[in-house]
Amino acid sequence: MSTPAFVSAPAPAAEAFTVPEGFTLHKENTSAILLPSSNDAFLNPVQEFNRDLSVACIRTWSELVNAEKERKWRQAAARRAKKAAEGAHAQGHKAKKLKTEEETPVLEVPSTEGVPKDTSKSQPEFKPHQFVILEALSATGLRSIRYAHEIPLVKYVIANDLSPAAVEAMRRNIELNDFHEKQETVVEGGDDKPKVRPAKVRVNEGDACALMYNHRSERNRVDVVDLDPYGTAAPFVDSAVQCVNDGGLLCVTCTDMSVLATTNYPEKCFSNYGGAPVKAEYCHEAALRLVLHTLSTSAARYGRYIQPLLSLSIDFYVRLFVRVYTQPLEVKKAFSKTAIYYVCSGCQSFYEQPLGRVTEQVSAKGNANLHFKVQQGPTVPERCPECNSALHVAGPMWSGPIHDKEFVSSVLSHVEADEDKYGTSARMKGMLTVAKEELDTPFYFTPSKIASHFHCVCPSLDETASALLHAGHKISRSHACAGSLKTSATYTDIHDIFRSWVKTHPVRMDKVSENSPTRQLLNKEAKTEANFKRHPDSVTASSKVKLVRYQQNPTPNWGPGAKPGAKRKREQDGDE
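All values reported here derive from a predicted model rather than from experimental measurement.

*Asks:* So what's going on with helix H11 (residues 425-437)? Residues and values would help.
*Replies:* The periodicity of an α-helix, 3.6 residues per turn, causes residues three or four positions apart to be oriented the same way. Between the first and last C-alpha of H11 there are 18 Å, a value that for 13 residues agrees with the 18 Å anticipated at 1.5 Å per step. Along H11, eleven of the 13 residues are buried, which leaves the element largely enclosed by surrounding structure. Listed in full, the buried residues belonging to H11 are Ser425, Arg427, Met428, Lys429, Gly430, Met431, Leu432, Thr433, Val434, Ala435 and Glu437.

Here it is as C-alpha cells:
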C-alpha cells in the first residue's frame, strides 16, 4: 500500500487575522489557537513534544492498520476469485456432458477477434480505512485540531471537555482553523441545493467517562482514544479500554509522578494503579510498568488484552501507546506478564517474583495445549543476599516488554522522513532511537549509583558497559535516565564487576562505618575477574550520533502547569 503524503494545512496567518482583545495567538506546527488571558482552558506549551509524538505514533499506527486491512482484503479477494473460477469451470464441464435428444441448428457466431474487450467494469480497489479519534479531555482543543490537520486518514475527531469555558474555547479555535460545520457556497444559477460540510472536529460538552461508556457497544466504538488529563488517568481507564475498537490505539498520559515514582504516597498509588511504587533510581521505569499493569488488568475484565507499542518516561510525566485486542487466550497470558519485585533498601538490587507461569504440553497429534499455573515463591530470603539490608515489596506491575521494536522503528523512520514537520523532531529522534535499542529486561542502573554503594571511584559508562559485554551479558541504554544502562546481568553480576574495579581503585575503609551495607558488599569476593578493556559493542548506534535524548535546559514554562480555573475560583470566593 502506498503511504499517503504528509498532510499539512497552513495555520492562520497573524497578518490576516486580528487577535481579539483579551486573547493571545498561540501557534504550534500547523495549527493556531486563541488563548484567553484568564486560565479557563489549560494549555502547557512544554507538552509540544507530547503532541508531536502523538501525531507521529497515531499516523504510523493508521498506516499499520491499513496495511493489515489491505492484506486481509486482498486475501479475501483472491479466495473469491478462486471460488468463482472453480464454479465457472464446473459449470462448463457440466454443459459439455449435457446431451440433447434433438439436433439443434448450429448458429454462426461472428468472430470477436480484434474487437476490444469491455473494460468499463474496472477491478475493485482497496479503499483506505478512515478512523475516528476521541480525545476525552481536550481543554483548548489544540491536540484535536492538530490531529485533524496532520493525520491524513482521520474521518473526524471527537473533542470533549466538562468545562463550559473550555468548550467555548474549543469552538472558537476549531472555527479559527476551519474545522467546524459549515454550509458550502453554491454557484449562482445552479440547481444544486446548498450542502452542509460536516465538522472534522466535533465538540462534546460532558463527562469523559459517560461519553466513552456511550461508545462501548461494538458498532459505536472509536479507533483511537487519547487520555491526557491533569494528573492521573486512572478514573478514565475502565471506560477507555471498552470504547476502543479491536486493534485500536489507546494513548495515555499520567502526570502524577509524585505518586507513581516515589514512596511518599503508596496508598494513593495502590488506589489509582493497583500496586506499590518503587523507591530506587529506576523508579521512572517502574512508573511505566505500574500504568501498564492498570491498563492490562482493566482490559482483562472485558476479555481484552494490551500490546504496548511505545512507553516513555518524559520529564514530569509518562506517555504510553498501546493497542487493545479481544482474544481470551491472550488475556490468560497477562497473568504470567505480571510480577511483584523485592527491592533492597540498601543497594537497590531487585528480585522478580512472577505471579503466574505458562507451560506448554504437546499432544500425540502435535497439538499444543497451554496450561496456566501459579508461580513458586519467594524468590529471595527475608533480607538482601547482597548487602543484608531490608527488602521492600513493589508492584504488582507489568513485567513484559514495554516497547514494540518494529513499531518504534516505523515511527522513527517517519520522523526522519518528515523532520521539518515537527518542532521537537531532534528530541523525538533521540528518544525513539534509544527506545528502539532498549532491552526487554526490567529496570536500569547507573554506574554512579552503584559506585556510591561501594564508596569507590566511579568507572566510566563505557568501562562498565565493556565489562558487562566481556562477561557475556547484553547491554543497552535507557530512555528514562541519562547515563543509565539496561542489562541482562543480575545485580550480583554487576556487583562482581565493581568488586573487581575496587581491587585497582581501593576504598578507604576507615571512612566506612561498621554497620554500613558497603562493608557487606566489599566482604564478598568477586566470582570472576572483570575485563574493563573497551568492547567494540559498548558504543551503541544512538551513542554514535549526536542526538537530544534527554531534556537539557528547562524552559520558562517548565513543569505540569497550574490547574485550569483555580485562580478564577479563588477570585470568585474573594468577591463573595
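*Asks:* Any chance you could break down unusual backbone geometry for me, citing the residues and the numbers?
*Replies:* Omega for the peptide link from Gly377 to Pro378 comes to -5°, which places this bond in the cis form. Along the polypeptide, Pro378 turns up in the loop between strand E15 (368-374) and strand E16 (391-398). Here the bond from Gly395 into Pro396 is cis, since omega is 5°, no more than 30 degrees from zero. Residue position: Pro396 is located in strand E16. Phi is positive for Gln348, which is not a glycine, with a value near 65°. Examined against the element boundaries, Gln348 turns out to sit in the loop between strand E12 (338-344) and strand E13 (350-354). Residue Asn388 is not a glycine yet carries a positive backbone phi of 65°. You can see Asn388 is positioned in the loop between E15 and E16. By relative accessible area, which is 41% here, Asn388 ends up partly exposed.

*Asks:* Provide a residue-level description of the environment of Leu521, including the pertinent values.
*Replies:* If you trace the backbone, Leu521 turns up in helix H15 (residues 517-523). For Leu521, a relative accessible area of 1% corresponds to the buried category. Sequence spacing of Leu521 and Glu386 is 135 residues, and the spatial spacing of their C-alpha atoms is 6.2 Å.

*Asks:* I'd love a proper account of the environment of Leu461, names of residues and values included.
*Replies:* Within the secondary structure layout, Leu461 lies in helix H13 (residues 461-470). Residue classification places Leu461 among the partly exposed residues on the basis of a relative accessible area of 25%. C-alpha separation for the pair Leu461 and Gly483, spaced 22 residues apart in sequence, amounts to 7.0 Å. Discounting residues that sit within four places of it in the chain, Leu461 has contacts with Pro447, Arg477, Gly483, Ser484 and Leu485.

*Asks:* So what about the nonpolar core? Which residues, and what values?
*Replies:* Counting 88 residues, the largest nonpolar core has Met212, Val225, Leu250, Leu260, Tyr282 and Val318 as the members making the most contacts within it. Top contributing element to this core by residue count: helix H8 (residues 283-300), with nine residues. Here Leu260 is in contact with Cys254, Tyr273, Pro277, Cys283, Ala287, Leu290, Val291 and Val318, once residues within four sequence places are set aside.

*Asks:* Go over the pairing of strand E9 (residues 244-254) with me, naming the residues and quoting the values.
*Replies:* Taking burial as the measure, the eleven residues of E9 include nine buried ones, the bulk of the element. Relative to E9, strand E8 (residues 222-227) is paired through five bridges, and the arrangement is parallel. When the bridges of E9 are listed, Leu227 appears paired with Val252. Handedness of the β-α-β unit built from E8, helix H5 (residues 234-243) and E9 comes out right-handed. Bridge count for E9 against strand E11 (residues 317-326) is seven bridges, and the pairing is antiparallel. Bridging from a neighbouring strand, Cys251 pairs with Phe321 of E11.

*Asks:* Go over empty space enclosed by the protein, please, and point to the residues and values.
*Replies:* Within this structure, the stated rule accounts for one cavity of 30 Å³ or more. The space that makes up the largest cavity amounts to roughly 40 Å³. What lines the largest cavity is simply Ser296, Tyr305, Ile306, Glu330, Lys333, Ala334, Lys337 and Trp398. Of all elements in the fold, only strand E10 (304-314) and helix H9 (328-333) reach the threshold of two or more residues within the lining of the largest cavity. Residue composition of the lining of the largest cavity, grouped by class: four nonpolar, one polar and three charged.

*Asks:* I'd like to hear about a nonpolar patch on the surface, residue by residue, with values.
*Replies:* On the surface, a cluster of nonpolar side chains totalling about 250 Å² of accessible area is made up of Phe335, Leu355 and Val374. Turning to its location among the elements, Val374 is positioned in strand E15. Residue classification places Val374 among the exposed positions, given a relative accessible area of 60%.

*Asks:* Give me the lowdown on the confidence of the model for the chain, citing residues and values where you can.
*Replies:* For the chain, per-residue confidence averages 88 on the pLDDT scale, and residues scoring 70 or more make up 84% of the total. Low pLDDT, under 50, characterises residues 1-15; the stretch is placed with 38 contacts to residues that sit more than four places away or in other chains.

*Asks:* Give me the lowdown on the side chain of His453, citing residues and values where you can.
*Replies:* Position of His453 among the secondary structure elements: in helix H12 (residues 447-454). Residue class for His453 comes out buried when judged on its relative accessible area of 12%. Reaching out from His453, the side chain makes a polar contact with the backbone oxygen of Cys347 at a distance of 3.4 Å. Ignoring anything within four residues of it in the chain, the contact list for His453 reads Gly346, Cys347, Gln348, Thr518 and Leu521.

*Asks:* Describe in detail the packing of aromatic side chains, supporting the description with residues and values.
*Replies:* This structure, assessed with the given rule, holds twelve aromatic pairs. Centroid distance Tyr282 to Phe350: 5.6 Å. Interplanar angle 70°. Geometry classified as edge-to-face. Here Phe350 lies in strand E13 and Tyr282 lies in the loop between helix H7 (266-273) and H8, a separation of 68 residues in the sequence. Taken as a pair, Tyr282 and Phe350 share a single burial class, namely buried. On the numbers, 5.0 Å between centres and 85° between planes, the contact of Phe350 with Phe443 is edge-to-face. Placement of Phe350 in strand E13 and of Phe443 in the loop between H11 and H12 is noted, with a sequence separation of 93 residues between them. An aromatic cluster is present here, built from Tyr282, Tyr341, Phe350, Phe443 and Tyr491 joined pairwise through their rings. Cation over ring: Arg202 sits above Tyr156, and NZ or CZ is 3.6 Å from the ring centre. The side chain of Arg289 reaches across the aromatic face of Phe443, ending 6.0 Å from its centre.

*Asks:* Give a detailed account of the sheet that holds strand E3 (residues 131-135), specifying residues and quantitative values.
*Replies:* On the basis of which strands lie adjacent, the open sheet formed by seven strands has the order E7-E4-E3-E8-E9-E11-E10 and mixed pairing. Both edges of this open sheet fall to strand E7 (201-205) and E10, since each of them pairs with a single strand only. The sheet shows a mean angle of 15° between the axes of neighbouring strands, taken without regard to direction.

*Asks:* Go over the environment of Glu438, please, and point to the residues and values.
*Replies:* Following the sequence through the fold, Glu438 ends up in the loop between H11 and H12. Polar side-chain contacts of Glu438 include one of 3.3 Å to the side chain of His403.

The rules we used
Residues numbered from 1 in each chain as written. Predicted model: local features only at pLDDT ≥ 70, side-chain atom pairs only at ≥ 80, totals over all residues. Heavy atoms only, no water. Helix = DSSP H or I, 4+ residues; strand = E, 2+ residues; numbered from the N terminus. Expected span 1.5 Å × (residues − 1). Buried < 20%, exposed > 50% of the residue type's maximum accessible area, 1.4 Å probe, protein only. Contact = heavy atoms within 4.5 Å. Core = buried A, V, L, I, M, F, W, Y, C linked by side-chain atoms within 4.5 Å. Pairing = 2+ DSSP bridges. Right-handed = clockwise from strand over helix to strand, strands pointing away. 1 Å grid on protein atoms, 1.4 Å probe; cavity = no way out; pocket = protein on both sides within 12 Å on 5 of 7 lines; lining within 4 Å. Points joined across faces, edges and corners; volume = space filled by probe spheres on them. Nonpolar A, V, L, I, M, F, W, Y, C, P; charged D, E, K, R; others polar. Patch = residues over 30% accessible without salt bridge, like charges linked within 9 Å, V, L, I, M, F, W, Y side chains within 5 Å. Areas by Shrake-Rupley, 256 points an atom, 1.4 Å probe, with all protein chains shown as cover. Salt bridge = Lys/Arg side-chain N within 4 Å of Asp/Glu carboxyl O. pLDDT = per-residue confidence, 0-100. Polar contact = N/O pair within 3.5 Å; in protein donor to acceptor, adjacent residues only side chain to side chain. Phe/Tyr/Trp six-rings, centres within 6.5 Å; stacked < 30°, edge-to-face > 60°. Lys NZ or Arg CZ within 6 Å of the ring centre and 35° of its normal. Axes fitted to C-alpha atoms, helices over the stretch in contact; angles between N-to-C directions.

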